[in-house]
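# An overview of the molecular structure
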Amino acid sequence: MEIISQKCLPQCSVVTWSRNRSVPNRPNILLPNGVIKKSRFVIRNGTSDGYVVGESDDLSSLARRGDSKSKLLIPGLPDQSNGEAARITTSQCEWKPNLTVHYEKSGCENVEAPAVLFLPGFGVGSFHYEKQLTDLGRDYRVWAVDFVGQGLSLPTQDPTTSISTVTSTTMSEDNESFWGFGDEAQPWADQLVYSLDLWREQVQYIVEEVIGEPVYIAGNSLGGYVALYFAATHPHLVKGVTLLNATPFWGFFPNPVKSPRLARLFPWSGTFPLPPRVKKLTELVWQKISDPESIAEILKQVYKDHSTDVDKVFSRIVEITQHPAAAASFASIMFAPGGELSFSEALSRCKKNNVQICLMYGKEDPWVGPIWGKKIKKELPNAPYYEISPAGHCPHDEVSEVVNYLMRGWIKHLESGGFEALPLLEDGEEDWEQSRIAREMEFPRGEGWKKSVKLWLYGAKYSFWGGVGEAFRASLVKVLRGKSV
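Below you will find a few notes about this structure. Since we're looking at a predicted model, the values are computed, not measured. All residue numbers refer to position in the chain's written sequence, counted from 1. With pLDDT at 70 or above as the cut-off, local features in this predicted model cover only qualifying residues; side-chain atom pairs require 80 or more to be listed or tallied, and sums for whole chains, interfaces and linings still use all residues. Just so you know, side-chain values use all the structure's heavy atoms and leave hydrogens and water out.

Attention now goes to the side chain of Glu442. Secondary structure follows DSSP: runs of H or I at least 4 residues long count as helices, runs of E at least 2 residues long count as strands, and numbering of each begins at the N terminus. Assignment of secondary structure puts Glu442 in strand β15 (residues 436-444). For Glu442, a relative accessible area of 14% puts it in the buried group. If near-sequence neighbours (up to four positions away) are discounted, Glu442 is found in contact with Lys71, Leu72, Leu73, Ile74, Lys450, Lys451 and Ser452. Here the term buried applies to any residue with accessible area under 20% of the maximum for its type, exposed to any over 50%, and partly exposed to those in between, with areas from a 1.4 Å probe on protein chains only. Pairs of residues are marked as contacts when any of their non-hydrogen atoms sit within 4.5 Å.

Here you go:
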C-alpha cells in the first residue's frame, strides 16, 4: 500500500491508503478564474484538522450526496485558562479627526501566515469575533475591527454644538450630555454620515495602513455586505471573501453619487445635526431598542441554540448603548443612503474580477435566511456554500468550532492553489458535481460533553429553485407537525 499524499497533514487528520497504484478520484482545484481541474494529489481531511470515526479506513463511501451516516469529529475551541488560546491585543488608531477606529488582533507572531480580517454585523463589534481571534490566531494573523459609528469606534467628541434646549425629559435625566442632538455640526463632522461607503473606506485604511497586505476578509450580516463591497472595489487587496449570513440589503435611501436627482428629493441623509423630527423619533425608538430586555430578546431571536453563552456579548452591547454618541449614530446609520454598488452589483463585479468567495450560513437565521446565500450560489456555481444546522444569524459565535474548521480549510485550499481539498470535498471530483453533501459534525463543548450539528456542502449542480422547493416542503412539514401536537 502507499500513501496517496505525503503533504504535511495536520494533527488528527486521516491518512487514507490505496491498495492500487492508480488514483481515479482526485480532488478538484478551484483556480482563480473559476475553472475546476484535477489535482495530482488527494488530501483526505488534510485541510481541516478533523478526523472521522465509526468508518473503515476507506473514505470513498463518505460524504456522498445526502449521506450523513459518518460523523466527523473536529477540535473544540482552545482552552484560554492553560495558554492554548492565542492572545488578543486591542488597539486604536485615529483614522479621521475625532474618528478613532478600535480593533483587536491576535497571532501577530505568525509572521509568515496569511492575514485574516473579520468585519462585524450591525450593533456589535470586534468582540463578536473573540472565538475566531483566540482560535484562528494560533495559525494566522487575525484582525477584527469595529465600524466607525458602532462598537468602540464611536466618535471621541460631540459631532454637534451643545444642545440649547432639552427636548426630552427622559433623555436629560439619563444622559447629562447626549451627543449629536445639537443645532449645528462641528467642522470635523460636516457631511459625516455612517454609511456603507464610509465603512468601505475605513476597511481600505485598515488593510493598507494597519495590516499592510492583501487579506482574507470575512463578514457577518452587515459586515458581509461591506466585505463584498470592498472586494468589488479593491480586488487587489483581497485574497478571498467569506460571507457569514451576509445581509444583501442595506441603506434604503438613494445614493447621491449613483442617483443624484433622486437623492435630492430627500432633504436629510444621515448627516449631522439631526433634524428636529428625527431627534424626537430617535428618542422614542432608542429608548426601546437600547433597553436591556429588548437586547436580550433580539439575541434570543438570532441565536437558534439558546444554550449558547451570550452573556459577554449581551454586556458589551449594553455598554455600547450607554455611550453618549450611540443614539445619534444609530439615527445616522438608519437614514444613510445606500452604497454606490448594490449587493448584486458588488457580487457581479467580484465575479468579473475572479474574487474567490465562500459562503457559510446558519440554516435557522430568522433575518437573513439561507435562501439569500443560495441566490449567491446560483450566481457563483463553483463557490462553496456551507449550511449549518442548528445555527442562526451569527454562526461564527453560535457554532464557532464549525466556522473555524471551515475557515481553515478554505484558506488552506486557496493558499495551496487548490491542491488541498475543500472541507467535505476530500473524496474527489464527482462529489463536487453532486447537488449536496451532508455530514454530521461533532466537537467538544465545555467540560465532559460534546455538541453535534449537521453540515451541508452544496455543489456546482445545485438547483436554486430545487432548494426553494425543498425549503417550502420543510416549512410545510413543520406546520403540519405543529397542528398534530
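Having put the structure on the table, let's press on.
To describe a pair of aromatic rings, you give the distance between the ring centres and the angle between the ring planes. Put simply, two rings from Phe, Tyr or Trp (the six-membered ring, in Trp's case) pair if the centres are within 6.5 Å, and we call them stacked under 30 degrees between planes, edge-to-face over 60, tilted for the rest. All told, the structure shown has 16 aromatic pairs when counted by the stated rule. Aromatic side chains Tyr225 and Phe343 sit 5.4 Å apart centroid to centroid with 90° between the ring planes, which places their arrangement in the edge-to-face category. Here Phe343 lies in helix α10 (residues 343-352) and Tyr225 lies in helix α4 (residues 222-233), a separation of 118 residues in the sequence. Following the ring pairs from residue to residue traces out a cluster consisting of Phe122, Trp250, Trp286 and Phe330. One cation-aromatic arrangement involves Lys96 over Trp95; the distance from NZ or CZ to the ring centre is 4.6 Å. Counting as a charge over the ring demands two things of the Lys NZ or Arg CZ atom: a distance within 6 Å of the ring centre and an angle within 35 degrees of the ring normal. Here the guanidinium or amino end of Lys363 rests over the ring plane of Trp456, the centre of that ring lying 4.6 Å away.

To continue, consider the pattern of salt bridges. Salt bridges are defined as contacts in which a side-chain nitrogen from Lys or Arg sits within 4 Å of a carboxyl oxygen from Asp or Glu. Overall, the coordinates contain 16 salt bridges when judged by the stated rule. Ionic pairing is found between Lys312 and Glu130, a salt bridge with its closest N-O pair at 3.3 Å. Here Lys312, found in helix α8 (residues 311-321), pairs with Glu130, found in helix α1 (residues 130-136); they are 182 residues apart in sequence, far enough to count as distant. Between Glu319 and Arg316 there is a salt bridge whose closest N-O contact spans 3.9 Å. Highlighted residues: Glu319 and Arg316, both in helix α8, separated by 3 residues, approximately one helical turn. For Glu319, a relative accessible area of 45% puts it in the partly exposed group. Taking the relative accessible area as the measure of exposure, Arg316 reaches 22% and is therefore partly exposed. Residues participating in the shared-partner salt-bridge network are Asp135, Arg138, Asp139 and Arg408.

A word on helix α13 (residues 400-415). Every helix has an expected span of 1.5 Å times one less than the residues it contains. When the terminal C-alpha atoms of α13 are compared, their 22 Å separation across 16 residues agrees well with the 22 Å that a helix rising 1.5 Å per residue should span. Remark: Gly417 follows α13 within two positions and exhibits a positive phi of approximately 70°.

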